[in-house]
Amino acid sequence: MDAQVGETRGAWLRRAAMLGGGLMSGGIVTAALASFASSSSSKQDVEVLNFALAFEELQADFYARSLHSVSLKGEWLQFAQVVGGHERDHVAFLRHALGSAAKPAPQLTLTRAPSSFSDFQRLAIGLEDTGVALYNGQAGNLTPKSLASAAEIVSVEARHASWARDLAGEVPAPVATDVPADVSQVKAQLTQLGVQVG
Amino acid sequence: MVDGGALPPALAAVDRDGALAEAAANAAAGGSELRRASRPTRRGLIGLGAGAAGLGFAGRARAAAGSTTGSQQDIGILNYALSLEYLQASFYSEAERLHSLHGALADQARIVGGHERAHVSAFQKVLGSQAIKRPTFNFQGVTEDPDGFRRTAVAFEDLAVEAYKYQAPRLQSQAFLAAAIAIHSVEARHAAWIRRLAGVLPAATAFDQPLPPRRVEALVASTHFVVAAPDMASHQAPKFTG
């Protein structure tokens, strides 16, 4: 049944284009949802999605470099390849949606590639859990249309987190409700993982 | 290594009438899968009716959207979420009670079951007297053996992710949105966990898609897991007198 399995790159790029068109015109709040989250706006959507873009680029970089720096085998290798591909797709989606407004910020830099397998495990779990907390923390700041797009990504990050945890022998879903993180909390978590936050 | 294929076993586990496969085929053509899912058999009609009653609150929420306040729409969505949580919580609790599972699968059922029961309690607390009651379930034997359990759990968890994803942007209240989105990602963790235990790729695609309630209801109805609707009379808003 996985309808998603057959989804083509073209299909999600079309969705990105639709989201992008809405962001540019500013007309993305439909009448039915007009009362939603009065604090959200297209301008704020751009800010939040650029934050997400910076994070997705960090993740894509992490997996690309890990495949060279660490000798991964078996299902861990499969994990890094599959998940790395997803992160690259998330980057492409967000860049496409943001168009000329794509300016990833804050700057998130992986200062070094993982040096060992245990280092890779720790960072993979840390980054994926942080990704879930980041998207969940921004949900209320997004207009419904952008939230719908972010929701397509956050559950995939949660699947990645669960997969990495299970592979590492940790509980894949440690709590009944995931704890969100605001921008400063995300920055703090990333700093702890050795990411340089600009 | 985990098999990257689609999930026909999960589908087969819940698709006892073949209704879901038919619905999926019809969805592309824009047909009404709920109508097409029903069969002119007594069993089918009872199952569908009970399913529609147990999970039919989203329909009410949709109807309400145009004419009533946002908070009433939110209550419809929360009751819809509660009905899905009842389904999941009862499923895991029963598998645990029957001691059908061992090892990693038993651990998954214990922990995930605990989460689903916590979600039920949270929605019941928020909804108070407006909370729907727990329907009566008959899991048709799938809680009695590991294979049936695994296939059904995969289907339930992926379905929950799709259902929450559809509803979250439709919630008006920031507090309810925060709760729904925090549960949504946990359901995705559950889904990846049980998929790996079932030998399928935990994260099959880069983007998870939402599923509208009409299709969720059709899928659940096709399982005949919901055998008795909750008592509808008790969901009326209290009358204030004097």
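Cut-off values and rules
Residues numbered from 1 in each chain as written. Chains lettered and ligands numbered in written order. Predicted model: local features only at pLDDT ≥ 70, side-chain atom pairs only at ≥ 80, totals over all residues. Helix = DSSP H or I, 4+ residues; strand = E, 2+ residues; numbered from the N terminus. Buried ≥ 20, exposed ≤ 12 C-beta atoms within 10 Å, placed from the backbone. Contact = placed C-beta atoms within 7 Å. Core = buried A, V, L, I, M, F, W, Y, C linked by C-beta atoms within 7 Å. Nonpolar A, V, L, I, M, F, W, Y, C, P; charged D, E, K, R; others polar. pLDDT = per-residue confidence, 0-100. Axes fitted to C-alpha atoms, helices over the stretch in contact; angles between N-to-C directions. Parallel < 35°, antiparallel > 145°, perpendicular 65-115°, else oblique. Left-handed = near helix turned anticlockwise from the far one by under 90°.

When you go through chain B residue by residue, the secondary structure sums to 10 helices and two strands. Start at the N end of chain B and walk to the C end: the helices and strands fall as α-α-α-α-α-α-α-β-α-α-α-β. Among the 242 residues that make up chain B, the fraction classed as buried is 53%. If you take every contact in chain B between residues at least 6 apart in sequence, the share linking residues at least 24 apart comes to 76%.

With 117 residues, the main nonpolar core has Ala52(A), Ala150(A), Ala81(B) and Ala180(B) as its most contacted residues. When residues no more than four places from it in sequence are discounted, the contact partners of Ala150(A) are Ala52(A), Tyr135(A), Ala139(A) and Leu142(A).

Before going further, it helps to examine the interface of chain B and chain A. Contact residues are listed per partner, giving 44 residues for chain B and 46 residues for chain A. Elements supplying a minimum of two residues to the side of chain B that touches chain A: α1 (8-14), α7 (103-127), α8 (146-167) and α9 (174-197) of chain B. With 16 residues, α9(B) is the single largest residue contributor to the side of chain B that touches chain A. Of the residues contributing to the side of chain B that touches chain A, the split by class is 30 nonpolar, 10 polar and four charged.

On to the confidence of the model for chain B. All names here are of chain B. Model confidence for chain B is summarised by a mean pLDDT of 76, while 65% of its residues fall at 70 or above. Scored below 50 in pLDDT, residues 4-68 makes 113 contacts in the model with residues more than four places away or belonging to other chains. Throughout residues 232-236 the model reports pLDDT below 50, and contacts reaching past four residues in sequence, or to other chains, amount to three contacts. Across the predicted assembly, pTM comes out at 0.80 and ipTM at 0.89.

A separate point is the environment of His102(B). All names here are of chain B. On the secondary structure map, histidine 102 appears in the loop between α6 (70-97) and α7. Of the residues examined, histidine 102 has 9 C-beta atoms within 10 Å and is grouped as exposed. Note: C-alpha distance between histidine 102 and proline 146 (44 residues apart in sequence) is 8.3 Å.

Let us look at the packing of helix α5 (residues 144-167) of chain A against α9(B). Look at α5(A) against α9(B): their axes get within 8 Å of each other, and the N-to-C directions meet at 45°. The pairing of α5(A) with α9(B) is recorded here as oblique in orientation. Judged by the sense of rotation from one axis to the other, the crossing of α5(A) with α9(B) is right-handed. Residues Ala151(A), Val154(A), Ser155(A), Ala158(A), Arg159(A), Ala161(A), Ser162(A), Trp163(A) and Asp166(A) of α5(A) lie in contact with α9(B), whose contacting residues are His184(B), Ser185(B), Ala188(B), Arg189(B), Ala191(B), Ala192(B), Trp193(B) and Arg196(B).

Quick look at the confidence of the model for chain A now. All names here are of chain A. For chain A, mean pLDDT is 89; residues scoring 70 or higher make up 88% of the total. Throughout residues 1-5 the model reports pLDDT below 50, and contacts reaching past four residues in sequence, or to other chains, amount to 17 contacts. Of the regions scoring below 50 in pLDDT, residues 26-38 engages in 18 contacts with residues more than four places distant in sequence or in other chains.

Turning our eyes to something else, we now look at unusual backbone geometry. With glycine set apart, most residues show a phi of negative sign, and most peptide bonds adopt trans. Look at the link from Ala105(A) to Pro106(A): it is a cis peptide, with omega at 0°. Inspection of the secondary structure puts Pro106(A) in the loop between α3 (74-98) and β1 (108-110). The phi dihedral of His99(B) is positive, around 50°, even though this residue is not glycine. Turning to its location among the elements, His99(B) is positioned in the loop between α6 and α7.

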